[in-house]
Structures are given as C-alpha cells and as structure tokens.
There are 2 protein chains.
Amino acid sequence: MATEVDVQPDTHEEIMGATYRALCKHGYAHLTMQDIADEFDKSRSLLHYHYDTKEELLLAFVDNIVGYIGDRLAESETEEPLERLEEYVDRFVIEPGEEDRETFALALLELRVQAVHNEAFRERLATHYETNVQTVADIVADGIEAGVFREVDPDATGEAIYTALVGARMYQVTLGAERASRRMRDRLAEFVVDDLLTDGREPADYAGNGPEN
Amino acid sequence: MATEVDVQPDTHEEIMGATYRALCKHGYAHLTMQDIADEFDKSRSLLHYHYDTKEELLLAFVDNIVGYIGDRLAESETEEPLERLEEYVDRFVIEPGEEDRETFALALLELRVQAVHNEAFRERLATHYETNVQTVADIVADGIEAGVFREVDPDATGEAIYTALVGARMYQVTLGAERASRRMRDRLAEFVVDDLLTDGREPADYAGNGPEN
C-alpha cells in the first residue's frame, strides 16, 4: 500500500473527491470500494494501487477533511471577528434540498459511532473535532483582543458553539427535523453572538435607546 | 406476542429496568436477548413470552423512556421556572465515572443512527426528542408568563437548549471529551439562562451597579 505522501497530489485530490461524492450518495454503512471507484475518473486499479482497503481510504479521507472549515475561512475576504464568527456558524447550516450534505453529515455521524470501537478512526475524528473547535476558539480570542467581544473563555465558548451546531445537525439528519441547523444558527446569533458583542452590552441598548457608540 | 397493555405493570417495569441495565453494560450494537435476560430476575421464558424479538423489546423500551425527564421534573419540589430550567439542564450532565450513563447515552446514539433506516424506531425516537424539547419549551414559556424570562420563542429556545446538550453529550461519549456535557451546562448558564432573565437585562447590571429590583 502506498502511504499518503506517495500519492500524486492530483490523484490524491481526485480520490478524496470521489470518496466525498460516494459518501454523499451512499452514506457510510454500506459504502463499497466499487461505489468510490464509480465516482473516480481514473481506473479502479489505480484506486486499489493507492489504498488496499476501504478502511485505509476512509482514514485518509478523514485526515483530508481535518481543517476543511478553517481552510475555507482562511479564504474569507474579511478579518473582522464578528463576520468571521458568522461565516463559521453559517458553514454548518444544511438548507432544505441539500440532500448530498445531509447524507454526508449522516455518514460522518455513522463514522463517529463506529469510531468508538476503532482507535484509528477515533484518533482522527478527535483531531477533526479539536481542529473545528480551535478554529472558532481562535475567532473568539481574536474578537476579545480586538475589543469587539467581551472577555469569555475562548476554548469553552468555541467548544459550545461547535458542539451545539453538531447536535442540531444530528437532529436534522437522523430525525428529519427540517431546518434544525438553521434554527440553531439563529439561536446562536440571538444568545451567544449577541451576548459576546461588547457594544451589545451597552446599557443604552437594553434601555431601548440607540447604542452609545 | 403480548402487546404492552397485556404485560402486568410490575413485569413491564422489571423488563424495562433489565433492558436499561443491559444497555448500560453492553451498549446497543451487540446487545442480545440473553444480555437482557441476565439482568431480569424472572425467567427467560417470561421475557420471551412478552417480547418475541429484541427489536420489539427495544421499541417498547424507547416508548418507555419518552417523557422520562419530564416525569422526573414533575417530582421536583419547585415551581420556579429558573430552578426548573437549571434542573432540566443538569439532568443531561454526565459526570466522570458515570460509565453506565455514558454507555447508555452511546447506545441511544447508536439507536438514533440505526433509526434512520428503521421507520418504527425513527417514529418513536422523534417522539422522544419532541417530548424532551417540549418539556424545556414549557419551562421557558412558564418563565415568560411569570415575567422571570424575557420574551423569546419558547419552542425554538427549548429546541436549541436540548439539541446543544445532546451534541455535547455525543462529543463526550464518542470521542472521550471528558466533562463536555458539564462545560455545555456552564455555557448554557452563561449565555442562555443568564440572557433569559429579565432582571439580568436591567441596564444597571451592565453598568456595574446593583440590579434595580
């Protein structure tokens, strides 16, 4: 089996793309190497040359999604902590009709449950989780430093934001609670983001007058 | 097979207790009728007389946990919305060393993932979910009526509170994020509960003076 570094960057990306599409279509439980090969433009033997088993391929796939959200945010046009926090939260909303993303979110959840008894998956999913928590914790810390957010514990607040979003998404994809992730976005905006803002905490705001600054 | 109403109340409760203990010990994935029988003080044949299959028994079990949290809260000594909200949130915290509760929470998560492809489980788990959301939504609505909480959407707020707690618990039980459910409790107290309180929104509070009332 070839290790990840042996795979040509283009081929690696194509294999990861094929795996993502296959997971979006078929979910995790009954996914086969053939399902992934069907999404791969090159030969099935090339896929098997790089990955002997479905498990090896999926481990590489989880490695590959670590930091995905952070990378997208790095491409963002704004450095403003409030806007970046809103962009982060918005990333987790699955809108009606986005069935591919729902199936993919469910596949990740299945992997997470599976991972409890599989050390290799568990380690990688923990890294995935911690990276997503760190990304939002960094935004909160930046906001505090810039004086835009009040002094909170950035790590604990970041963890709560990410975990709440994951919980709402789980509700949406397992029980068909349509728009649950969007409602969570709205509640996070109402309770957490609003509460973080230093100017939102000006007495004048609550007294029904305009903000002072 | 006997339907639920045919089962003597005592026997029914004992079977449900045995199922709970078996799930706490063994989880859901590889649970057998024998595991449940091992936790049941009466004969195995009595278990099989009431439930032909593990699936029938587990469906009855999910029916049985619907409203569990609400029933516990109904026994609470207080009618005070703030205290009731705090009791509700505390119910979902799994402390270090509560391995039985962790295994049970994981078993419920496995059931939830399984339920995606099983209409009977899915329906019952949806009822379980909605009942838990309704319980906290009612507390929020009571608090608004009593003037203790500000005017928010009780259903959306209740859903967000419950879903956030479930998300944190999932993080804790699948990835070993110790105390994640306790940290979520603390963040809910800081952001949501604190923000709901009408007296916490008095301008004087934020100006660093004592509350006006």
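From a predicted model like this one, the values you see are computed outputs, not experimental measurements.

(A) Representation of the overall build of chain A within the structure. Each helix and strand counted, chain A has eleven helices and zero strands in total. Along chain A, helices (α) and strands (β) appear in the sequence α-α-α-α-α-α-α-α-α-α-α when read from the amino end. Scored against the burial criterion, the 213 residues of chain A give a buried share of 52%. Intrachain contacts of chain A at a sequence separation of at least 6 include 62% that bridge at least 24 residues. Just so you have it, chain A exposes about 9800 Å², and 44% of that area is on carbon and sulfur atoms. When the 20 positive and 47 negative side-chain charges of chain A are each reduced to one mean point, those points stand 6 Å apart.

(B) Up close: the environment of Leu 106 of chain A. Positionally, Leu 106 of chain A belongs in helix H7 (residues 99-115). Given a relative accessible area of 11%, Leu 106 of chain A falls into the buried group. Taking the C-alpha atoms as reference points, Leu 106 of chain A and Val 133 of chain A, separated by 27 residues in sequence, lie 20 Å from one another. Those residues within four positions of Leu 106 of chain A in sequence are excluded, and the remaining contacts are Val 173 and Thr 174 of chain A together with Val 116 of chain B.

(C) Region of the structure containing the interface of chain A and chain B. Across the contact, 42 residues belong to chain A and 43 residues belong to chain B. Connecting chain A to chain B are four salt bridges. Between Glu 159 of chain A and Arg 183 of chain B there is a salt bridge; the shortest N-O distance is 2.6 Å. Among the elements of the structure, H7, helix H8 (119-145), helix H9 (154-175), helix H10 (180-196) and helix H11 (203-206) of chain A are those that each provide at least two residues to the side of chain A that touches chain B. In terms of residue count, the dominant contributor to the side of chain A that touches chain B is H9 of chain A (14 residues).

(D) Region of interest: the side chain of Glu 110 of chain A. Residues and elements named next belong to chain A. Along the polypeptide, Glu 110 turns up in helix H7. Buried and unpaired, Glu 110 has no salt bridge, with Lys 54 as the nearest side chain of opposite charge at 9.5 Å. Polar side-chain contacts of Glu 110 include one of 3.3 Å to the backbone nitrogen of Tyr 28.

(E) Summary view of the domain arrangement of chain A. Residue and element names in this part refer to chain A. For chain A, the assigned domains read domain 1 (4-64) and domain 2 (66-206). Each partner contributes to the interface: domain 1 provides 15 residues, whereas domain 2 provides 14 residues. For the pairing of domain 1 and domain 2, the buried interface totals around 1400 Å² over both sides, and the portion due to carbon and sulfur atoms is 69%. The tally of links from domain 1 across to domain 2 stands at one salt bridge. The residue Asp 63 makes a salt bridge to Arg 124 at a minimum N-O spacing of 3.2 Å. Linking domain 1 to domain 2 there are seven residue pairs in polar contact (both at pLDDT 80 or more). Those elements giving two or more residues to the side of domain 1 that touches domain 2 turn out to be helix H1 (9-26) and helix H4 (54-65). For the side of domain 1 that touches domain 2, the element with the highest residue contribution is H4, accounting for seven residues. For the side of domain 1 that touches domain 2, the class distribution of residues is nine nonpolar, three polar and three charged.

(F) Highlighting the packing of helix H9 (residues 154-175) of chain B against helix H10 (residues 180-196) of chain B. Residues and elements named next belong to chain B. Running from N to C, H9 and H10 cross one another at 155 degrees; their axes reach a closest spacing of 8 Å. On the basis of their axis angle, the class for H9 and H10 is roughly antiparallel. Note that H9 runs across H10; the crossing there is right-handed. Residues Thr 157, Ile 161, Ala 164, Leu 165, Ala 168, Tyr 171 and Gln 172 of H9 touch H10, and the partners they reach there are Ala 180, Ser 181, Met 184, Leu 188 and Val 192. Taken together, the residues of the contact of H9 with H10 break down into nine nonpolar, three polar and no charged.

(G) Spotlight on unusual backbone geometry. Residue and element names in this part refer to chain A. If you check the backbone angles, Arg 179 has positive phi at about 65 degrees while not being a glycine. Within the fold, Arg 179 resides in the loop between H9 and H10. For Arg 179, a relative accessible area of 38% corresponds to the partly exposed category.

(H) Structural context of the nonpolar core. The biggest cluster of nonpolar side chains holds 139 residues, and the ones touching the most others in it are Leu 85, Tyr 88 and Ile 161 of chain A together with Leu 85, Tyr 88 and Ile 161 of chain B. In this structure, Tyr 88 of chain A is in contact with Ile 69, Leu 73, Asn 132, Val 133, Thr 135, Val 136, Ile 139, Ile 161, Tyr 162 and Leu 165 of chain A, ignoring residues within four places of it in sequence.

(I) Just the packing of aromatic side chains, in detail. What the rule picks out here adds up to twelve aromatic pairs over all chains. Considering the side-chain rings of Tyr 171 of chain A and Tyr 129 of chain B, the 3.6 Å spacing of their centres and the 10 degrees angle between planes classify their relative orientation as stacked. Highlighted residues: Tyr 171 of chain A in helix H9 and Tyr 129 of chain B in helix H8 (residues 119-145), drawn from two different chains. Given the relative accessible area of 1%, Tyr 129 of chain B is considered buried. An aromatic cluster is present here, built from Tyr 88, Phe 92, Tyr 129 and Tyr 162 of chain A together with Tyr 171 of chain B joined pairwise through their rings. Positioned above the aromatic ring of Tyr 28 of chain A is the side chain of Lys 54 of chain A, whose terminal nitrogen or guanidinium carbon lies 5.6 Å from the ring centre. The ring of Tyr 68 of chain B carries Arg 72 of chain B above its face, with NZ or CZ at 4.5 Å from the centroid.

About the thresholds
Residues numbered from 1 in each chain as written. Chains lettered and ligands numbered in written order. Predicted model: local features only at pLDDT ≥ 70, side-chain atom pairs only at ≥ 80, totals over all residues. Heavy atoms only, no water. Helix = DSSP H or I, 4+ residues; strand = E, 2+ residues; numbered from the N terminus. Buried < 20%, exposed > 50% of the residue type's maximum accessible area, 1.4 Å probe, protein only. Contact = heavy atoms within 4.5 Å. Areas by Shrake-Rupley, 256 points an atom, 1.4 Å probe, with all protein chains shown as cover. Lys, Arg positive; Asp, Glu negative; His and termini not counted. Charge placed at Lys NZ, Arg CZ, Asp CG, Glu CD. Salt bridge = Lys/Arg side-chain N within 4 Å of Asp/Glu carboxyl O. Polar contact = N/O pair within 3.5 Å; in protein donor to acceptor, adjacent residues only side chain to side chain. Domains from an automatic or database assignment. Buried area = accessible area lost by both parts, 1.4 Å probe. Nonpolar A, V, L, I, M, F, W, Y, C, P; charged D, E, K, R; others polar. Axes fitted to C-alpha atoms, helices over the stretch in contact; angles between N-to-C directions. Parallel < 35°, antiparallel > 145°, perpendicular 65-115°, else oblique. Left-handed = near helix turned anticlockwise from the far one by under 90°. Core = buried A, V, L, I, M, F, W, Y, C linked by side-chain atoms within 4.5 Å. Phe/Tyr/Trp six-rings, centres within 6.5 Å; stacked < 30°, edge-to-face > 60°. Lys NZ or Arg CZ within 6 Å of the ring centre and 35° of its normal.

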